[in-house]
Amino acid sequence: MAAAAASQGPRKTPIPAPTPDSKPAPRPELTPEQQAKYEALLDKAKAFTEIKCDKEKDKSGPLTDRELSWLTRDCLLRYLRATKWSVDDAAKRLLSTMAWRREYGIDDFTPEHISPEQETGKQIILGFDRQGRPCQYLNPGRQNTDASPRQIQHLFYMVERVVDMMPPGVEMLSLMINFKPSKQRQNTSVPVSMAREVLHILQNHYPERLGKALIINVPWIVQGFFKIITPFIDPVTREKLKFNEDMKQYVPEEQLWSSDWNGDLDFEYHHEAYWPALNELCRQKREQRLARWVAAGKAVGESEDYLTGGTDVSVTGFEYTADAKGISEKGGEAEAEAEAETSVLAEKLAGAKLEGETAEAQA
């Protein structure tokens, strides 16, 4: 397969799975006190019946299946850790996040709406680090639009797709930021108000999601900014920031982008191939998760390991077996099928583009 890929030139589609050697960090065991607090929060979450939206009251209403399936065991634990194990604060933040998701419309953004922001590949989800965390590349130098609400929507749309891509045992991402400037577009600065909004959303509605932030080609002005704020950054967060290091120690070289990152992965961004392939792969993974959640009885507090296929045993005790449609297979079969499907999709897209170009030339 590697030889065939090489003959076809650079990769143009996402990578559906980590390397076999990439192993998620083991989750810490809960203490008896933490387990009791988790169970108290779970009881509160099971009692959630309605989402109240203060900014857009017409969006208030009963919880949907999508929202109930979002309330996993691991999600509840992330909010408990983020609130220093305060059950009441975690419950309030969970409700606040669900209200924000409705008002912001995070689950309603379509690939077509986001596509204009993505055309230059200024954000790319590609490969996994040594702990199996998906890598999300940010390329500010590829900025192609002016500041607008859709720019922020693009960022969080991609964060949601990163979550879709997380394999069993993984709940964090690796953020890969390349500050290499672009010759085409000089103004890549972000308004302060927009930066504040992004930070507010990340801190309040995506807690415990950052595994590492790997940063290269840092300009002196940004480097100076980081030096100024470093004393004020939480030590745990500070340890996650890595500047201009040999990134192969964090990401396997075969899944590390060769462009500026010195990896072995030959990848070129072609919007016509990458964008539909990414969205189709993520759609498949969401459908697999939902199928498993429904099959086990739609439990609030379901295990994300079960939903992503890391185990076939639900927190309810239900044991999942793939149905006749083969919606969710064990082991690496699903990843292999997804790899094949994305490759076929890319080939079809490339062929369609070639046919269109030929038709134009003949005309």
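Residues numbered from 1 in each chain as written. Predicted model: local features only at pLDDT ≥ 70, side-chain atom pairs only at ≥ 80, totals over all residues. Heavy atoms only, no water.

You'll find the protein chain entered in an unreviewed UniProt entry as CRAL-TRIO domain-containing protein, with Trichoderma cornu-damae given as the organism.

A. Inspection of the environment of P62 at higher detail. Counting through the fold element by element, P62 comes out in strand β2 (residues 61-62). Counting along the chain gives 13 residues from P62 to T49, while the straight-line C-alpha distance between them is 5.6 Å. (Helix = DSSP H or I, 4+ residues; strand = E, 2+ residues; numbered from the N terminus.)

B. A look at the nonpolar core. If you look at the biggest cluster of nonpolar residues, it comprises 51 residues, and the most contacted ones within it are I124, L126, Y137, F156, M176, W261 and F267. Elements with a minimum of two residues in this core: α5 (87-104), β3 (123-128), β4 (134-138), α7 (149-165), β5 (173-178), α8 (192-205), β6 (210-216) and α11 (271-295). In this structure, L126 is in contact with T13, P14, I15, C135, Y137, Q255, W257, L265 and F267, ignoring residues within four places of it in sequence. With 23 residues, the next largest nonpolar core counts L41, A45, L77 and A91 among its residues. (Core = buried A, V, L, I, M, F, W, Y, C linked by side-chain atoms within 4.5 Å. Buried < 20%, exposed > 50% of the residue type's maximum accessible area, 1.4 Å probe, protein only. Contact = heavy atoms within 4.5 Å.)

C. Region of the structure containing the packing of helix α4 (residues 73-82) against α5. Relative to each other, α4 and α5 sit at 120 degrees, their axes nearing to 8 Å. Viewed along their axes, α4 and α5 adopt a mutual orientation that is oblique. Crossing of α4 against α5: the hand is right-handed. Contacts from C75, L76, Y79, L80 and A82 of α4 reach α5 at V87, A90, R93, L94 and T97. Residue classes in the contact of α4 with α5 are distributed as eight nonpolar, one polar and one charged. (Axes fitted to C-alpha atoms, helices over the stretch in contact; angles between N-to-C directions. Parallel < 35°, antiparallel > 145°, perpendicular 65-115°, else oblique. Left-handed = near helix turned anticlockwise from the far one by under 90°. Nonpolar A, V, L, I, M, F, W, Y, C, P; charged D, E, K, R; others polar.)

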